[in-house]
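The primary structure of each chain is shown beneath.
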Amino acid sequence: MATGGLFPNLASWDPRSLRARLHEAGFQREALETLGLPDVRLRSDIRGAALLGHVPEASPLHSLIRLFTLGEPIEGELAMRALSDAARGLFEIGFLEADGVRVRSRYQILPTAEGWVACDFPARLEGDFPDFVMGIGASSILLASLAPPSTGRTLELACGVGWLAGTLAAKGRPVVATDLNPRALELGRFSALLNGVGGVDYRHGDGFAPVAGETFDLIVSNPPYVQSPGGNMIFKEATADDSICARLLRHLPAHLAPGGIAVMLINWTHATDDDWSEPPLSWVAPEGMRRWLFQTECSSPADYAWKWISRDVRFRHEQAAAAEMRRWLAHYHDKGIKRISGGFLILQKCPPGGEWTRAESRALDTIGRTAGLDVLRVLRNETWLATHPPLLDSPYTVPEGVRAEARMSLDGNGWTRETIRLTSPERLSYDGQIDENLLRLLALVREGKTPSGMVAEIRSRPEFATLPDLPERVAALVRELVSHGVLVPACGQTE
């Protein structure tokens, strides 16, 4: 889609002066954190006093926070002092506008670890604008953490403001970013220019329509997944009975290259606590696919509805919130919906015979910031296992970050170990109880031995010397550890 909507002169805008002024004033993540202002506070709808109390009054940083974080109009003199020659360019593209003798920004700028992201001010939601553009939320950060390292062609589907697309492109990946909201794509282009990031191909359209006939090595998506009775906010929900997650996942496999990986955040409805995995798995045919589903939360209809309604500034008043709550609950009742889950689905296109399906539960606060490493490790290990390798005689490594925690109890005889909990480096691919045999196997591998050494070690004990199926038992332990990424075949080591 050609530019010309929000920023008609964006192609001729030089972002270098603004970038320099933001750095010099300290309107960037590291400097703000030093002042006690982590980026999560600047992303929130927070009162100005909570932010400006950290900053010298009338300083350039004070003015930039008022202008770009709080959305306040400020005196023209203060704006010029803070922005200097960058102000002219922002006026020319329509990012800034005059409000009498004052200057105001039409868009918010959020400092991030990578630079900055432009989006709408939260107050714009109160105007009920369907094309509201959200900045970076917890779901954005989760998706970024789950994205596995890749050098192949990448698609961010439903990219919103395009923060993740820009982050991936900055690492040298060719990225296509698509969204139904042209306003979001325009702000994404602005952010990419401000950060000096190229290589993102922004395309406007619904679902996979903008990439018809194309395939990708990596697809990531944080689509409008909220399970509402229908609403007009493009960034979070469908307008009517359109299961966006289901629709996208049904078409996704056709856009994965052989071996390609997809990660999509999803919400879904179901009838009981026991059938939670059935709906999302039904959206992706198992043939030629590895399907790995994670449930991170499960709510009652009332709790789920209130979570979203309470965050929406359009329903701050009690009467409006109560009416909206009744609308959501009536919808759930009519549809027979008893539970609503959230989580994510990881997919990989594989050759026939390499398919598998897993469904696991994880708490969001336990998943590491580089969980994509766990994802890639498991999928590569599964490819290796599909070759039917000699499990006992193959060499392995143990990834850095594997942890074991023991729970102890104290009784009259002293301390007794009750359980041992093993976690993968990012606590995604494995988080569960094990026994001492698995611990010993990991220790032997770390010493440079193969699992056959464990067979020999156990055989040396008289009580196990004649155990007929010992090799098979140890091989089963090896397979389990490899399939969860806790052991890595040395021949496939990439970290």
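Computed from a predicted structure; not experimentally measured. (Residues numbered from 1 in each chain as written. Predicted model: local features only at pLDDT ≥ 70, side-chain atom pairs only at ≥ 80, totals over all residues. Heavy atoms only, no water.)

Draft legend 1. Inspection of the overall build of the chain at higher detail. When helices and strands are tallied, the chain shows 18 helices and 18 strands. Seen through its C-alpha atoms, the chain measures out along the principal axes to roughly 90 × 60 × 55 Å. Considering only contacts within the chain whose residues lie at least 6 apart along the sequence, 68% involve residues at least 24 apart. When the accessible surface of the chain is summed, it comes to about 22,100 Å², and 52% of that surface belongs to carbon and sulfur atoms. Charge separation in the chain, taken as the distance between the mean sites of 52 positive and 61 negative side-chain charges, equals 1 Å. (Helix = DSSP H or I, 4+ residues; strand = E, 2+ residues; numbered from the N terminus. Contact = heavy atoms within 4.5 Å. Areas by Shrake-Rupley, 256 points an atom, 1.4 Å probe, with all protein chains shown as cover. Lys, Arg positive; Asp, Glu negative; His and termini not counted. Charge placed at Lys NZ, Arg CZ, Asp CG, Glu CD.)

Draft legend 2. Looking closely at helix 17 (residues 452-459). Three or more residues of helix 17 are buried, namely M454, V455 and I458. What you see down the axis of helix 17 is that its buried residues fit within an arc of 105 degrees, all on one side. Where helix 17 is buried, its residues contact helix 16 (436-446) and helix 18 (470-483). (Buried < 20%, exposed > 50% of the residue type's maximum accessible area, 1.4 Å probe, protein only. Arc of directions from axis to C-beta.)

Draft legend 3. How the structure looks around the pairing of strand 15 (residues 403-411). As paired elements, strand 15 and strand 16 (residues 414-423) share nine bridges and run antiparallel to each other. Bridging across to strand 16, E405 finds its partner in R421. Connecting strand 15 to the next strand, strand 16, in antiparallel fashion are two residues. (Pairing = 2+ DSSP bridges.)

Draft legend 4. Inspection of the packing of helix 5 (residues 60-69) against helix 6 (residues 76-83) at higher detail. For the pair helix 5 and helix 6, the least separation of the axes is 9 Å and the interaxial angle reads 110 degrees. Judged on the interaxial angle alone, helix 6 and helix 5 are roughly perpendicular. Of the two elements, helix 5 crosses helix 6, and the hand of that crossing is left-handed. Of the residues in helix 6, those touching helix 5 at P60, S63, L64, R66, L67 and F68 are L78, A82 and L83. Class assignment for the residues of the contact of helix 5 with helix 6 results in seven nonpolar, one polar and one charged. (Axes fitted to C-alpha atoms, helices over the stretch in contact; angles between N-to-C directions. Parallel < 35°, antiparallel > 145°, perpendicular 65-115°, else oblique. Left-handed = near helix turned anticlockwise from the far one by under 90°. Nonpolar A, V, L, I, M, F, W, Y, C, P; charged D, E, K, R; others polar.)

Draft legend 5. Local environment of the environment of W268. The topology assignment puts W268 in strand 10 (residues 256-270). Residues W268 and R314, spaced 46 residues apart in sequence, show a C-alpha to C-alpha distance of 24 Å. Engagement of the side chain of W268 in a polar contact is seen with the backbone oxygen of W276, the distance being 2.7 Å. (Polar contact = N/O pair within 3.5 Å; in protein donor to acceptor, adjacent residues only side chain to side chain.)

Draft legend 6. Expanded view of the sheet that holds strand 6 (residues 154-157). With mixed pairing, the eight strands of this open sheet are ordered in space as 8-7-6-9-10-12-11-13. Strand pairing shows two members of the sheet lacking a second neighbour, strand 8 (200-204) and strand 13 (356-361), which therefore form its edges. Taken over all neighbouring pairs, the strand axes of this sheet differ in orientation by 15 degrees on average, direction set aside. The strands that helix 13 (residues 301-311) touches are strand 10, strand 11 (289-299) and strand 12 (339-349); relative to strand 11, the one it contacts most, it runs at about 85 degrees.

Draft legend 7. Just the pairing of strand 9 (residues 216-221), in detail. Across the six residues that make up strand 9, a large majority, five, are buried. Direction of pairing for strand 6 relative to strand 9: parallel, over a ladder of four bridges. Counterpart to L155 in the pairing with strand 9 is I219. Pairing geometry for strand 9 and strand 10, over five bridges, is parallel. Bridge assignment links F216 to a residue of strand 10, and that residue is L256.

Draft legend 8. A look at the packing of helix 16 against helix 18. Following both chains from N to C, one finds helix 16 and helix 18 inclined at 75 degrees, their axes separated by 11 Å at the closest point. As far as their axial angle goes, helix 18 and helix 16 are roughly perpendicular. Between helix 16, through N437, L438, L441 and L442, and helix 18, the contact on the second element is made entirely by L477, V478 and L481.

Draft legend 9. Representation of the side chain of S483 in the model. With respect to the helices, strands and loops of the structure, S483 is situated in helix 18. Not counting residues up to four positions away in its chain, the partners in contact with S483 are R358, V378, E382 and L385.

Draft legend 10. Representation of the packing of aromatic side chains in the model. Going through the model one piece at a time under the given rule, you end up with 16 aromatic pairs. With a centroid separation of 5.3 Å and 70 degrees between ring planes, the pair formed by F7 and Y107 is classed as edge-to-face. Placement of F7 in the segment before helix 1 (16-25) and of Y107 in the loop between strand 3 (102-105) and strand 4 (108-111) is noted, with a sequence separation of 100 residues between them. Taking relative accessible area as the criterion, F7 reaches 0% and is therefore assigned buried. When its relative accessible area of 0% is taken as the criterion, Y107 is described as buried. Centre to centre, the rings of W292 and F294 are 5.1 Å apart; their planes meet at 45 degrees, and the pair counts as tilted. Exposure remark for F294: the relative accessible area of 0% places this residue in the buried category. Taken together, the aromatic side chains of F7, W13, F27, F68, F95, Y107 and F190 make up a single cluster linked through ring pairs. When the ring centre of W308 is taken as reference, the NZ or CZ atom of R311 above it lies at 5.2 Å. Its end group placed over the ring of W356, R358 keeps NZ or CZ at 4.3 Å from the ring centre. (Phe/Tyr/Trp six-rings, centres within 6.5 Å; stacked < 30°, edge-to-face > 60°. Lys NZ or Arg CZ within 6 Å of the ring centre and 35° of its normal.)

Honestly, it's all geometry; don't read function into it.
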